[in-house]
Structures are given as structure tokens and as C-alpha cells.
Amino acid sequence: MPDPDVVIVGAGAAGLSLAYHLCAPGGAVPLSVLLVDAPPGPLRPPPRTWCYWEPPGGPYDSALAASWPRLRVRAADGAPTVTDPSPFRYKMLRSDAFEALVGRRLSDAPGLRRIEATVTAVRDTPDGGAEVLTEGGRVLVRGRRVFDSRPPRRLPAARTTLLQHFMGWFVRTERPAFDPVTADLMDFRTPQPPRGLSFGYVLPLDPHTALVEYTEFSPAPLTADAYRRALGHYTQEVLKLGEFHVTAQERGIIPMTDGHFPCRVGRSVHRIGTAGGATRPSTGYTFAAVQRQSRAVADDLRAGDGLRVPPPYGAWPRAMDAVLLRALDSGRVAGADFFTRLFREVPGERLLRFLDGRSRLHEDLLIGLRTPVVPMLRTVLELPFRARTEPPPPTAPEESTP
């Protein structure tokens with residue numbers, strides 16, 4: 001195989017997104033691209049759901065499972081706050097629909113090839129390129145640049161490390177139980193853990209169908225039985241859904257850490273996706289940052305410019321995330337009250353830009369005044385003196401079941 005210009009390791013959200021943008025029509029410089037996907041088995045992730053917000057008319061709108069013009073947060077006492085984040089809509093994209101949409105573009109791209117292989121390492125070569133290794137240390141392929149989207153084996157050293165871990169059920173109810181135009185981002189009518197927070201998450205597809213999740217931000221994941229008990233309590237005692245059928249299940253673990261994920265790990269080796277820092281530490285959202293990063297990389301390469309892999313979030317948003325994570329983990333800030341107050345007092349469009357790391361400094365300062373100022377300032381003063389330590393590797397999540 002001739003050495004390609006670009007090798008992409010992994011065909012998850014980050015790898016497919018970069019391939020999609022690299023293979024868009026046009027471009028001043030023709031590129032040869034090799035996409036290396038894991039073979040069927042434990043290294044290939046199960047079907048999963050990504051959510052993000054943007055105005056209508058986005059590139060993946062034709063593949064969306066649903067989108068919502070209104071968002072709701074419920075306080076621990078059940079009091080609702082409903083916001084209209086216009087011009088944004090909250091969008092839900094299933095991985096199988098995304099893969100099909102991207103696959104149609106890639107099938108027509110003359111410069112792209114796909115192979116399946118188990119990648120064990122990626123490294124620079126003396127001639128200025130990079131190579132991808134497979135089992136036994138065998139060189140699978142060499143290329144000018146390699147973009148590695150494989151999840152990190154270990155999380156980086158950090159002052160604070162929490163996990164966003166969850167289990168969700170796609171449910172079909174006997175009676176109409178959901179409002180199809182309103183997504184429940186956080187419902188705090190759930191028992192709160194000793195550290196962090198928990199909430200319910202409801203994405204309705206129609207009056208009878210929804211994705212219902214139980215989510216925690218805490219140091220360690222639960223057992224499968226514990227998630228099922230939490231979901232059983234939430235669906236029956238809180239939502240009071242009555243009779244329903246579970247049509248699919250998904251479970252996941254997302255790192256929430258102030259550790260540093262470098263985008264560049266060699267002269268010609270780059271990391272993208274969660275491995276490249278695309279997961280927002282304070283929220284766990286990843287998909288929108290993956291798109292920004294992928295478009296920026298593709299624009300540079302297709303224009304023949306010098307490559308710059310931008311960090312998904314700037315230094316200021318990362319600093320704010322570090323403060324919030326420590327405040328939550330230390331118990332100085334009650335997570336349910338914190339997020340309820342933000343959604344109650346900040347306009348929806350401004351808050352979503354803030355959560356995406358794209359708000360302006362003066363907006364951040366105004367939002368900061370709506371947080372518990374004294375506990376947050378105590379945390380700001382404490383952080384420089386906290387040592388960074390390596391957390392234990394997170395437990396692998398169970399695969400989704402149909």
C-alpha cells in the first residue's frame with residue numbers, strides 16, 4: 001500500500017468525523033486517506049448516542065433521531081425551569097445513523113481506503129512520517145501524518161478526576177408519557193451520592209418513546225444492578241411511567257478531569273476525540289468539540305497550509321472546569337443546586353454557549369456571579385497547591401444490548 005497522506009486510527013465519532021471533513025468535495029490539495037477501524041469485537045464500541053446543540057441546518061440533520069427546541073431542568077423538589085435556547089436546538093444522533101451518513105460520503109471519495117486491524121501503537125519514523133503498528137509489533141502502514149482516536153488507556157494525572165457514568169433505557173410506554181418538544185437535561189429528583197451529583201435525563205422521541213437515563217458525576221461507576229435499581233426508581237417512582245417496555249439499553253463512562261490531554265504526541269502523530277481533549281471536563285459533552293477540531297484539521301490539510309491541531313477548549317474554559325470539578329468533588333458546592341440555579345438565572349442561548357466553551361469573558365464573569373461565590377473563590381485559592389495524581393483506570397462499561 002502506498003504511504004497515504006493521512007492515516008486515521010479508529011472509526012468512532014472522532015475518526016469518522018475527520019474522514020468526513022477530509023473527503024468533502026473540493027479542496028486545493030488532493031489527499032490520500034486511510035481509515036483503520038477495529039475489527040468486530042471488544043475494541044469496537046457498541047451503538048451509542050451523541051447529543052449536542054447547534055442551529056437547524058447542521059451537516060448531520062438528515063440523520064438525527066430527534067431534536068428539541070425547549071430544554072427543562074427540574075430541581076430536587078420537582079420545580080421545573082424551561083428554557084428556549086433559540087437559535088440552538090438540542091440534537092440527538094445515534095451512532096449507526098451517523099456511520100451510515102458518513103459512509104455514503106466516504107464510499108464516493110476516490111482518495112480514501114478503509115481497512116480493519118487491531119492497532120497496538122503509533123509512533124514517529126526517522127524520515128519525518130509516522131507508522132501504525134499492529135499485533136506482534138508488525139508495521140501495518142506508514143503515512144505522512146497519523147491521527148489516533150483510540151480512547152486513552154489511562155487518564156492523565158490530575159488534581160480532580162470524576163467520572164460521568166450512566167445507564168439508559170429506550171422505553172416504550174403504554175400511555176402517552178412524554179412531551180416531544182421538551183428534553184429534560186437534568187432532573188435532580190434522584191438520591192444524591194456522597195460525592196458529586198446524580199440526575200435523570202429524558203430525551204423523548206414521541207409521546208410514547210424516550211431515552212431515559214440515570215447519570216452520576218462521581219469517583220467510581222456503579223454495578224449493573226445498581227444502575228437498574230436507580231432507573232427502576234426513576235421511571236416508576238419519579239416519572240411514574242406505568243407499564244413500559246425496554247427496547248434497547250446503553251451504558252457509558254466519560255472522564256471528567258482537569259488532567260491534560262495533548263493533541264500532539266509526536267512530530268507527525270496527533271490525538272483526536274476524547275484522547276485529544278475533546279470531552280468538556282465539566283459536562284462530558286464531546287461531539288461538538290470533535291466537529292470543531294475535525295473541521296480545523298481538514299481545512300488546513302485540504303488547503304495545503306501548515307497543520308495546526310487546535311485544542312478543543314481554551315485555557316480559560318479549562319481553568320473554570322478545574323474549579324468546578326474540585327468544588328463538586330470537595331462538597332463545597334451542591335451540584336443539584338448549582339446547575340438548577342444556572343438554568344434558572346441565565347438565558348438558555350447564553351448558557352449553552354458557556355457550556356460549550358464559546359462564551360465571551362464578560363459573559364463568563366456575569367455567569368460566575370450566579371454561582372456560590374465564596375466556595376468557588378476558596379477553591380480557586382486551593383487549586384495551585386493541589387498535587388496532580390494518576391487516577392486508577394476506569395472500569396470498562398458493559399456493551400449495549402438490543
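Computed from a predicted structure; not experimentally measured.

What follows concerns the sheet that holds strand 6 (residues 80-83). On the basis of which strands lie adjacent, the open sheet formed by seven strands has the order 6-5-14-15-16-13-17 and mixed pairing. Two strands close off the open sheet at either side, each with one partner strand: strand 6 and strand 17 (244-257). Taken pair by pair, the neighbouring strands of this sheet meet at an average axis angle of 20°, ignoring direction. Bridge count between strand 13 (residues 161-173) and strand 16 (residues 209-218): 10 bridges; the pairing is antiparallel. Looking at strand 16, one finds that Q164 is bridged to F217. Along the sheet, helix 3 (residues 224-238) makes contact with strand 13, strand 14 (182-187), strand 15 (197-206), strand 16 and strand 17, crossing strand 13 at roughly 55°.

What follows covers the packing of aromatic side chains. In this structure the tally under the stated criterion is 15 aromatic pairs. Taken together, a centroid distance of 5.9 Å and an interplanar angle of 70° make the contact between Y60 and F287 edge-to-face. You can see Y60 sitting in the loop between strand 3 (49-54) and strand 4 (66-68) and its partner F287 sitting in helix 4 (residues 287-303), a full 227 residues away along the chain. F287 shares its class with Y60; the two are buried.

Here we come to the environment of F244. Along the chain, the position of F244 falls in strand 17. We classify F244 as buried; its relative accessible area is 18%. As for F244 and E174, which are separated by 70 residues in sequence, their C-alpha atoms are 5.9 Å apart. The residues touching F244, leaving out its near neighbours within four places in the chain, are W169, V171, R172, T173, T235 and Q236.

This part is about the pattern of salt bridges. In the structure shown here, the tally under the stated rule is 25 salt bridges. Notably, a salt bridge pairs D225 with R228, separated by 2.7 Å at the nearest N-O pair. Highlighted residues: D225 and R228, both in helix 3, separated by three residues, approximately one helical turn. The partly exposed category is assigned to D225, whose relative accessible area is 44%. With a relative accessible area of 36%, R228 lands in the partly exposed category. Between E363 and R353 there is a salt bridge, with the nearest N and O atoms lying 2.7 Å from each other. Note that E363 is positioned in helix 8 (residues 361-368) and R353 in helix 7 (residues 348-355), a separation of 10 residues in sequence. Assessed through its relative accessible area of 5%, E363 is described here as buried. One network of salt bridges, in which partners are shared, links E349, R350, R353 and E363.

A few words now on the nonpolar core. Counting 44 residues, the largest nonpolar core has Y90, F188 and L203 as its most contacted members. The element best represented in this core is helix 5 (residues 315-330), accounting for seven residues. Filtering out sequence-adjacent residues up to four positions away, L203 remains in contact with C51, W68, Y90, M92, A183, A210 and L211.

Conventions adopted
- Residues numbered from 1 in each chain as written.
- Predicted model: local features only at pLDDT ≥ 70, side-chain atom pairs only at ≥ 80, totals over all residues.
- Heavy atoms only, no water.
- Pairing = 2+ DSSP bridges.
- Helix = DSSP H or I, 4+ residues; strand = E, 2+ residues; numbered from the N terminus.
- Axes fitted to C-alpha atoms, helices over the stretch in contact; angles between N-to-C directions.
- Contact = heavy atoms within 4.5 Å.
- Phe/Tyr/Trp six-rings, centres within 6.5 Å; stacked < 30°, edge-to-face > 60°.
- Buried < 20%, exposed > 50% of the residue type's maximum accessible area, 1.4 Å probe, protein only.
- Salt bridge = Lys/Arg side-chain N within 4 Å of Asp/Glu carboxyl O.
- Core = buried A, V, L, I, M, F, W, Y, C linked by side-chain atoms within 4.5 Å.

What is shown is where atoms sit, not what they do.
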